[in-house]
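Structural description and commentary
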Amino acid sequence: MKCIQYITLAGCILAIQACTRGFEDLNVNKAGFNNLDAQYQLTKVQADMSGDREDVWRYDLGITSPIVQHLGGSWWTQHGGMYKIVDKTHWYSHWEATYPRELKNLHDMIDKTAGDPAKANMHAPARIVKVMVYSKLTDLYGDIPYTEASKGFVDKNFMPKYDKQEDIYKDFFKELDEASKELDVSGPAISGDIWFNGSVAKWKKLANSMRLRLGFRLTRRDLAEAKKQVEAAISGGVMTELADICMTRHESFSWVSGSGDSRGNGRSQVFKSEPRSGGFRLVKTLVDTLVKYQDPRLYIFGGTYFGQKIVGDPTLLDISGLMPAIGVSPGAMAWNEWGDYGTVNLPGGGSIWVGQDDRFVQPSKYVSALNAPFFHVTPAEVEYLLAEAALRGWGGVTDAEGHFKKGLQYACEAMQYYPGSPAIQQTAIDNFKNKFNPFPTIFDSAMSRVHTQMWVNFFLNGTEAYANWRRTGLPDLKRFKGVDWYSPGADTMPRRFFYPESEILLNPNNYQEAIGRMNNTNDMMTPVWWDKQ
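Summarised in this report is the structure supplied together with it.

Definitions and cut-offs
- Residues numbered from 1 in each chain as written.
- Predicted model: local features only at pLDDT ≥ 70, side-chain atom pairs only at ≥ 80, totals over all residues.
- Heavy atoms only, no water.
- Helix = DSSP H or I, 4+ residues; strand = E, 2+ residues; numbered from the N terminus.
- Buried < 20%, exposed > 50% of the residue type's maximum accessible area, 1.4 Å probe, protein only.
- Contact = heavy atoms within 4.5 Å.
- Areas by Shrake-Rupley, 256 points an atom, 1.4 Å probe, with all protein chains shown as cover.
- Lys, Arg positive; Asp, Glu negative; His and termini not counted.
- Charge placed at Lys NZ, Arg CZ, Asp CG, Glu CD.
- Core = buried A, V, L, I, M, F, W, Y, C linked by side-chain atoms within 4.5 Å.
- Expected span 1.5 Å × (residues − 1).
- Arc of directions from axis to C-beta.

**Observations concerning the overall build of the chain**
Within the chain one finds 21 helices and 12 strands. Seen through its C-alpha atoms, the chain measures out along the principal axes to roughly 70 × 50 × 50 Å. Buried positions account for 59% of the 533 residues belonging to the chain. Considering only contacts in the chain between residues 6 or more positions apart, those separated by 24 or more positions represent 75%. When the accessible surface of the chain is totalled, it reaches about 19900 Å², and 50% of it is carbon and sulfur. One way to put it: in the chain the 59 positive side-chain charges average out to a point 2 Å from where the 61 negative ones average out.

**Considerations on the nonpolar core**
Core analysis: the biggest nonpolar cluster contains 140 residues, and Trp195 and Leu206 have the highest contact counts within it. Per-element tally for this core: the top contributor is helix 7 (residues 120-141), with 12 residues.

**A short note on the side chain of Gln69**
By the secondary structure assignment, Gln69 is in the loop between helix 4 (53-67) and strand 1 (71-72). Overall, the relative accessible area of 4% leaves Gln69 in the buried class. What Gln69 contacts, discounting residues up to four positions off in sequence, is Val283, Thr285, Leu286, Pro330, Trp455, Leu477, Lys478 and Met493.

**A closer look at helix 11 (residues 223-236)**
Owing to its 3.6 residues per turn, the α-helix aligns residues three or four sequence positions apart on the same side. Counted at 1.5 Å a residue, the expected span for helix 11 with its 14 residues is 20 Å, and the 20 Å between its end C-alpha atoms agrees. Along helix 11, the residues classified as buried are Ala226, Gln229, Val230, Ala233 and Ile234. One face of helix 11 carries all of its buried residues, which in axial projection span an arc of 135 degrees. Exposed side chains of helix 11 directed beyond 90 degrees from the buried face belong to Ala224, Lys228 and Ser235. Check the buried side of helix 11 and you find it contacts helix 9 (165-182), helix 10 (200-216) and helix 15 (379-392). Once helix 11 ends, the next one or two residues include Gly237, with phi positive near 105 degrees.

**Structural notes on helix 21 (residues 508-516)**
Those residues of helix 21 that sit buried are Asn510, Tyr511, Ala514 and Ile515. Axial view of helix 21: buried residues confined to an arc of 130 degrees, hence all on one face. The secondary structure elements touched by the buried residues of helix 21 are strand 3 (162-163) and helix 20 (502-506).

This is the structure:
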């Protein structure tokens, strides 16, 4: 495993992280460094994107993953699973963490490497990552500060306008196109890169694969523009093999409050915060889908464990496969569905009584390892999108079934990156693929087939599952209607995150203009621009 080396430079790297609120702080260099080497900033940004426990716990594990019915069981999954506002700050934590941290560093990197051909292979990656970070923000919140978000230091503009999402997406495509062309494969490797170990060729594929993802995002709003961007991405060259996967390989480090240390996997740190995965369970919708198709990822994604211990403790009894895989109902916490499972016979003789607390599938010891990777963009996702391109007749792509099954192959093969995970035999993958025969010939049925598996592929990447579900409506998730002691906080599934309340005071005019474009409502039910109803 490639070691994340940047944290050994702790004094330098941690100092650049200013976890503050408001755009005035975004543009103040509190660390006192005037010319921090961009390679260190790149490493820090890459790790922070999935290594901040407090952030991913809120926006992903508590909201987006429960909305799309991947995770439930925990007290905090009420936000997404029950469509409730238990703690308002969870809905805008990602905004308040990302602007003064990732985006502050990215804008600085872009500014100080611009116009210098010798730095093209640092300038272009910073632009690509900027699109990745901003795309998550705008897909969650809608119109956001973009063009003026970093203008405070130079222009003293601490109240940036909220750009329209339509305009932001136009700039995304421009940035990805220019960055891909700017990358020089004959030039130096990309220093500080923990995703691809500096490979310029793989960064080019990432740029085009992101363009593919974002191009498809527009299919319900502007089909002609979606087709244009998708075809440009395909022509430019997208991911074509498992080795192209964009992932952060985390290290085995526990969370330390206030340290800013993002070496460990933030999601795993949440799961390991308490025995029994901190209450988190896999949802029945996901578990039943995995079981239905004999998906070999079932017991890599989740496991059934007996005892009140941290998952991963070698003394914790793993009873996965000794009883049916049971997921918690969408929106429910484990105690809402009271009842023991019963007797489970052990392979070596004897038996145990599996009670209420242990009968539901938890995040497995593999995906919850502190050094588990986080997948940002995968070849499996690209293949599923190419399958959709073939269904639509775009970009000269044919053989939707072939691309779909290649996506299944890559999705299973990617499980090897989880530490200690059992090898998936090709016979098991072939059996899995055969469960989808024959491939549908009707467009809607084929789309359902493709994007249900896309949804599975996005396990533990709730924001992308949430965005793709809003775009396609797939899979057909049934809304939460209530469980014992709890009723839904809204009648429909949320369509966006709401803006931080601090913006009312810190940036009032631009905030009011932005919500004015949403019928003067800052709520979670108003769709973002591309999510045309």
